[in-house]
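Here's the letter readout for the chains.
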Amino acid sequence: MNELLAARSLTTLPVVTLGGDAVAQVKDTVFDPAAGRVTGFTLSGRGLLSGPLKRSLPWSAVHALGPHAVMIRDALALQDPSTVVARREAQQGRVLHAKVLTDEGAEVGTVLDVIVEGGASGRVVGFRIAAAKALMQGSRRRRHRVYVPRGETLAVSGRALVIPADATRYVADDLPAFVARVGAFQAGQEGTAS
Amino acid sequence: MMLFSEARGLPVLTLTEAEEVGALRSLTVDAVSGVVTHVRVRGRHSRRETVLAWGALHAIGPDAVLVRTTAEPAEVPPHHELPGLRILTETGDTLGAVQDVAFEPETGRIEAVVTAHGDLPADRLLGLGDYALVVRAA
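What you see as residue numbers is a count from 1 along each chain, following the sequence as written. Chain letters and ligand numbers both follow the written order, the letters beginning at A and the numbers at 1. A pLDDT threshold of at least 70 governs which residues receive local features in this predicted model, and a stricter bar of 80 or more applies before side-chain atom pairs are shown or counted, although totals over entire chains, interfaces and linings include all residues. With hydrogens and water stripped out, all remaining heavy atoms of the structure feed into the side-chain values.

With an unreviewed UniProt entry as reference, chain B is termed PRC-barrel domain-containing protein, source organism Streptomyces hawaiiensis.

As recorded in an unreviewed UniProt entry, chain A goes by Photosystem reaction center subunit H and comes from Streptomyces hawaiiensis.

Below you can see the structure in the form of structure tokens.
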């Protein structure tokens, strides 16, 4: 499996052509939560004083997403912001701070960050959440931040999203541990499906 | 086989008059075709940089570079200094920085890019720009 990346850590990541030129940097990552995918990025110029860029990057034009750069074929990949932003206004607000519920009706927490798979897939594999008490028994001392995998079927409505109850058994405390859990969770789901 | 670091600083002389033009400053590479296309020479006294096409060179030897002509080519591609430049894979991962470049002094063909993580063969080079050298993922 490809490296997992937290969407918030993508901000300021350079957008680099295969020709080796940095043409912009990531401002925000835009999701389609229902499909569980990244739809694209809004951009800002590179450098300290540069503001937002009147261009955006749809996922279809991304060659690969890596931990150190978003690779694109050439600068022609940048498009009019409306192709990405229209979706962003409609849906991005719903993912961050959204309530996470299991399909059994238990509240798991609220979304702090979205974990996406690197490479060319743009798949959302899970969420970093502020865990509710129900999920973290016995640790009332501090608010717990954990990673939960997203199920293949993900319902999004209003200010909440629903994940399979099974997913809460694969919670991890940090990103490296989460990589292993996601693998186990996906293997487990395939097992129950067949 | 020769390294950029070995070629750098070599005196550049004209073949016919044996007149010293200056010292070799840097080599300009076309990453897609994997060859050195131009060299940059800094004048001994004027400190002015002259660009010479690879075709203007007669030989790059261990102790000197001999050139047929010092006329600058009509079109000069942008120069990206390879040593020190960051390396990105096409998957957006980093491979450190370019330490040195090995090339054939006879043909100008790049053989490998030397990095702290080992040598990258020339056929992995995809593009060279102001931000990075982009290479095919292994």
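Having put the structure on the table, let's press on.
Description of the overall build of chain B
Numbering goes from the N terminus for both helices and strands, where a helix is a DSSP run of H or I of at least four residues and a strand is a run of E of at least two. Helices and strands together make up the secondary structure of chain B, namely one helix and 13 strands. Taken from the N to the C terminus, the helices and strands of chain B come in the order β-α-β-β-β-β-β-β-β-β-β-β-β-β. Taking the principal axes of its C-alpha atoms as reference, chain B extends roughly 50 × 25 × 25 Å. For chain B, with 138 residues in total, the buried portion stands at 47%. Burial classes follow relative accessibility: with a 1.4 Å probe on protein chains only, a residue under 20% of its type's maximum area counts as buried, one over 50% as exposed, and anything between as partly exposed.

So, the pairing of strand β11 (residues 118-121) of chain B
Residues and elements named next belong to chain B. Both strand β10 (residues 110-115) and β11 contribute to a ladder of four bridges, which runs antiparallel. Within β11, the residue paired with Ala-112 across the bridge is Pro-121. Being paired, for any two strands, means DSSP has found at least two bridges between them. Turn length for the β10-β11 hairpin, with the two strands adjacent in sequence and antiparallel, is two residues.

Focus: the interface of chain A and chain B
Contact with chain A, which involves 18 residues of that partner, is made by 15 residues of chain B. By buried area we mean the combined loss of accessible area, with a 1.4 Å probe, across both parts when two parts are placed together. When the two sides are added together, the surface that chain A and chain B hide from each other amounts to roughly 1100 Å², 58% of it contributed by carbon and sulfur. Salt-bridge detection follows one rule: a side-chain nitrogen of Lys or Arg within 4 Å of a carboxyl oxygen of Asp or Glu. In this assembly, chain A and chain B are joined by zero salt bridges. Within 3.5 Å is the distance limit for a polar contact, defined as a pair of N or O atoms, with the added protein rule that one can donate a hydrogen and the other accept it, and that residues adjacent in sequence qualify only through two side-chain atoms. The interface formed by chain A and chain B contains twelve residue pairs in polar contact (both at pLDDT 80 or more). Of all elements in the fold, only β2 (14-17) and β6 (62-65) of chain A reach the threshold of two or more residues within the side of chain A that touches chain B. Three classes are used: nonpolar for Ala, Val, Leu, Ile, Met, Phe, Trp, Tyr, Cys and Pro, charged for Asp, Glu, Lys and Arg, and polar for all others, with Gly counted as polar. Residues that form the side of chain A that touches chain B fall into these classes: nine nonpolar, six polar and three charged. For this analysis, residues touch if any pair of their heavy atoms sits within 4.5 Å.

A word on the domain arrangement of chain B
Residue and element names in this part refer to chain B. Where each domain begins and ends follows an automated or database-derived domain assignment. Taken domain by domain, chain B holds domain 1 (2-67) and domain 2 (85-135). In this structure, domain 1 and domain 2 have C-alpha centres spaced 21 Å apart. Counting from both sides, the interface comprises 14 residues of domain 1 and, opposite them, 16 residues of domain 2. Of the roughly 1200 Å² buried between domain 1 and domain 2 on both sides combined, carbon and sulfur atoms contribute 67%. At the surface where domain 1 touches domain 2, the tally comes to zero salt bridges. Joining domain 1 to domain 2, the criterion identifies seven residue pairs in polar contact (both at pLDDT 80 or more). Counting residues per element, the ones that place at least two in the side of domain 1 that touches domain 2 are β1 (2-3), α1 (4-7), β3 (20-30) and β4 (35-43). The dominant element in the side of domain 1 that touches domain 2, judged by the number of residues it contributes, is α1, at three residues. In terms of residue class, the side of domain 1 that touches domain 2 is built from twelve nonpolar, two polar and no charged.

Quick look at the domain arrangement of chain A
Residues and elements named next belong to chain A. Under the domain assignment used here, chain A contains domain 1 (8-83) and domain 2 (98-191). On the domain 2 side, the residues contacting the 13 residues of domain 1 number 15 residues. Taking both sides of the interface into account, the surface hidden between domain 1 and domain 2 amounts to around 1100 Å²; carbon and sulfur atoms contribute 56%. Looking at which element gives the most residues to the side of domain 1 that touches domain 2, the answer is β6, with three residues.

Overview of the confidence of the model for chain A
Per-residue pLDDT for chain A has a mean of 81; in total, 81% of the residues score no lower than 70. Confidence scores differ between elements of chain A, with helix α1 (residues 82-95) of chain A showing the lowest mean pLDDT of 60 and strand β7 (residues 70-72) of chain A the highest of 96. For every residue, the predictor assigns a confidence score, pLDDT, that lies between 0 and 100.

So, unusual backbone geometry
A positive phi is found at Thr-12 of chain A, a non-glycine position, where the angle reads about 80°. Relative to the helices and strands, Thr-12 of chain A resides in the loop between β1 (4-6) and β2. Although it is not a glycine, Ala-18 of chain B sits at a positive phi angle of roughly 55°. Summarising the element assignment, Ala-18 of chain B is placed in the loop between β2 (11-14) and β3. The exposure class of Ala-18 of chain B is exposed, given its relative accessible area of 52%.

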